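Descriptive analysis of the structure
Residues per chain are reported as follows:
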Amino acid sequence: MRKGGQARGTSSRHTSHVRSTTRRDYQARILRVLTYLQERLDEDVDLPSLARIACFSPFHFHRVFRGMVGESIQEHLRRLRLERAASRLKRGTSPVTRLAFDAGYRTHESFTRAFKALFGLSPAAYRRAKRPPVPRRPTPRPRPLEVEIRRLPPLRVAFTRHVGSYSKVGAAWDRLLPCLGKEGLLGGGSRFIGVCFDDPDVTPPARIRYEACVALDVPFSPAGDIGLRTIPGGEHAVALHVGPYRRLGETYRRLFGEWLPRSGREARDIPSFEVYLNDPNSEAPKDLLTEIHLPLKGRA
Amino acid sequence: MKKIEFKDEYKASKKPALLKLGTLSYLSIDGQGEPGGEAFSDRIGALYGAAYTIKMTRKFGGLQDYAIGKLEAQWWAETPNFADSPKERWRWKLMIRTPAFVKKAELKKAVDVLLKRGRSAAVKDARLETLREGRCVQMLHVGPYERERDTIAIMKAFAESQGLALSGRHHEIYLSDPRRVTPEKLKTILRHPVA
């Protein structure tokens with residue numbers, strides 16, 4: 001985080017050229033997806049095939065999309081369908097129920113609610129309006145995210161798995177920590193890590209997979225639902241999130257949507273992980289420090 | 001079972017204030033040497049190892065849970081003027097607030113586990129003890145530890161304005177983690193018994 005200025009030197013022109021190339025490359029790949037979606041507003045689209053079209057790792061594709069476009073794929077589709085409905089309201093005479101159905105809504109009421117949220121007017125009022133309002137846009141973002149690239153050794157960890165909402169991962173920690181702690185494996189320097197296999201913008205809460213991990217510095221034979229594994233080493237983009245865990249998604253979006261496309265780097269096809277630098281039992285939520293580690297592919 | 005926490009003990013004003021403390025229980029370890037030196041780091045590790053092992057063994061056994069408190073320390077020297085004494089002669093007691101219901105047998109068991117794991121032998125010096133500091137002057141110090149002298153001078157003047165004098169051992173509570181926070185932003189509660 002305090003780097004950046006170093007390691008530039010003579011290669012800076014080359015690096016910035018590479019960076020603008022990848023930025024354009026990421027934009028071109030996202031554009032392919034946007035065009036594809038625009039032409040298929042009435043079809044069901046699945047994430048793996050969209051990731052293929054954009055040549056992104058399916059692991060991280062949705063976060064890149066969300067970060068660069070400013071809305072999730074579902075939100076993007078919903079907005080395009082509503083904008084199409086708005087244009088048909090103005091230009092045609094189709095009844096509102098018909099347009100609601102075309103926009104993917106089962107009832108007039110749910111369509112009206114969504115339409116009003118986007119345009120600030122009901123479909124009927126929109127049709128009557130002389131100068132219809134423009135849809136609300138995502139708000140601009142604050143200062144750029146600070147990201148440091150770190151080369152990390154492989155890390156041996158003991159873990160417990162959690163399936164369910166991120167807000168409930170505490171239960172996995174409550175199983176893991178007593179089992180390790182009573183064996184003398186925890187202390188002030190322990191590293192607490194969360195491996196996040198799913199993007200909460202994509203996976204329903206009940207299916208989210210998470211592993212609560214503690215790095216081990218001595219041999220340990222696990223029992224019960226505790227497992228051992230190695231988190232691969234290599235280069236990682238590390239972003240610091242300051243604040244409550246429930247707002248981690250915002251920092252993820254900025255890491256994937258702002259930093260990654262400009263970085264000249266590609267994400268590796270393995271999950272990212274979080275390192276918790278302080279203790280949620282003794283710190284206020286606003287003071288919690290979490291590092292997000294995004295594994296990177298080696299430079300070509 | 002509600003978890004026991006010590007959060008209320010970590011509130012202090014940037015202005016000196018008087019407070020009266022009852023008997024408080026701690027897990028502690030004594031030592032000598034400069035802050036940040038080898039003995040100091042070794043003993044912090046040993047103290048936290050004991051604290052986590054005791055707490056998690058209780059939790060595993062379904063006993064009353066509690067939050068591990070912040071690191072605290074008392075500082076003193078054999079010479080009358082602490083600040084003029086060479087750092088390698090500084091004496092300290094590192095402490096972590098621990099509920100009084102934690103028994104000596106639990107500490108002993110934790111020490112055995114940690115020694116068997118090959119952890120620092122310093123853990124053998126960890127103790128459960130109580131402090132009764134009584135009337136104290138207390139103040140929040142923000143900034144590097146090296147600048148505590150200024151804050152202590154304010155506390156001393158305040159005590160004197162109340163007709164009191166600093167007595168006993170200087171005590172501090174580390175609210176910030178020096179590995180994560182820049183020296184200018186370090187928050188430390190300074191406490192000193194008065195009489």
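Our subject is the structure that appears above.
**Quick look at the nonpolar core**
Counting residues in hydrophobic clusters, the biggest one holds 80 residues, and the most contacted among them are F61, W173, L255 and L260 of chain A together with L94 of chain B. Looking at this core element by element, the count peaks at ten residues for helix α1 (residues 38-60) of chain B. Filtering out sequence-adjacent residues up to four positions away, L94 of chain B remains in contact with L27, S28, I29, F40, R43, I44, L47, L71, E72 and A73 of chain B. Counting 15 residues, the second largest nonpolar core, distinct from the first, contains L82, A103, A114 and F119 of chain A.

**Considerations on the pattern of salt bridges**
Counted under the stated rule, the structure contains 44 salt bridges over all chains. In this structure, R265 of chain A and E235 of chain A form a salt bridge, with 2.7 Å as the shortest nitrogen-oxygen distance. Here R265 of chain A is found in the loop between α9 (248-263) and β7 (272-276), whereas its partner E235 of chain A is found in strand β6 (residues 234-242), with 30 residues between them in sequence. With its nearest N and O atoms 3.1 Å apart, the salt bridge here joins R147 of chain B to E184 of chain B.

**A look at the sheet that holds strand β8 (residues 289-295) of chain A**
Residue and element names in this part refer to chain A. Strand order in the open sheet formed by eight strands is β1-β6-β8-β7-β3-β4-β2-β5, with antiparallel pairing between adjacent strands. What marks the edges here is a single partner per strand, and that holds for β1 (147-152) and β5 (227-231). Geometrically, the sheet is characterised by an average inter-axis angle of 35 degrees between neighbouring strands, direction not taken into account. In this structure, strand β3 (residues 192-196) lies alongside strand β4 (residues 209-215), joined through five bridges in antiparallel fashion.

**Section: the packing of aromatic side chains**
Under the defined criterion, the tally for this structure stands at 21 aromatic pairs over all chains. Between the aromatic rings of Y166 of chain A and Y210 of chain A, the centroid separation amounts to 6.1 Å while the plane-to-plane angle is 85 degrees, which identifies the pairing as edge-to-face. One end of the pair, Y166 of chain A, is in the loop between β2 (155-163) and α8 (170-181); the other, Y210 of chain A, is in strand β4, and 44 residues separate them in sequence. Accessibility expressed as a relative area gives 2% for Y210 of chain A, which makes it buried. An aromatic cluster is built from Y105, F111, F115, F119 and Y126 of chain A, whose rings are joined through pairwise contacts. K55 of chain B extends its terminal NZ or CZ atom over the ring of Y66 of chain B, reaching a point 5.9 Å from the ring centre. Between the NZ or CZ atom of R97 of chain B and the centre of the ring of Y26 of chain B, over which it lies, the distance is 5.6 Å.

**Side note on the pairing of strand β1 (residues 17-32) of chain B**
Residue and element names in this part refer to chain B. Summarising the sheet, β1 and strand β4 (residues 127-142) pair through eleven bridges and their orientation is antiparallel. Looking at β4, one finds that K20 is bridged to R135. Sheet analysis places β1 next to strand β3 (residues 91-97), joined by seven bridges and oriented antiparallel. Within the sheet, the bridge partner assigned to G31 lies in β3 and is W92.

Reading the values: rules and limits
- Residues numbered from 1 in each chain as written.
- Chains lettered and ligands numbered in written order.
- Predicted model: local features only at pLDDT ≥ 70, side-chain atom pairs only at ≥ 80, totals over all residues.
- Heavy atoms only, no water.
- Core = buried A, V, L, I, M, F, W, Y, C linked by side-chain atoms within 4.5 Å.
- Buried < 20%, exposed > 50% of the residue type's maximum accessible area, 1.4 Å probe, protein only.
- Helix = DSSP H or I, 4+ residues; strand = E, 2+ residues; numbered from the N terminus.
- Contact = heavy atoms within 4.5 Å.
- Salt bridge = Lys/Arg side-chain N within 4 Å of Asp/Glu carboxyl O.
- Pairing = 2+ DSSP bridges.
- Axes fitted to C-alpha atoms, helices over the stretch in contact; angles between N-to-C directions.
- Phe/Tyr/Trp six-rings, centres within 6.5 Å; stacked < 30°, edge-to-face > 60°.
- Lys NZ or Arg CZ within 6 Å of the ring centre and 35° of its normal.

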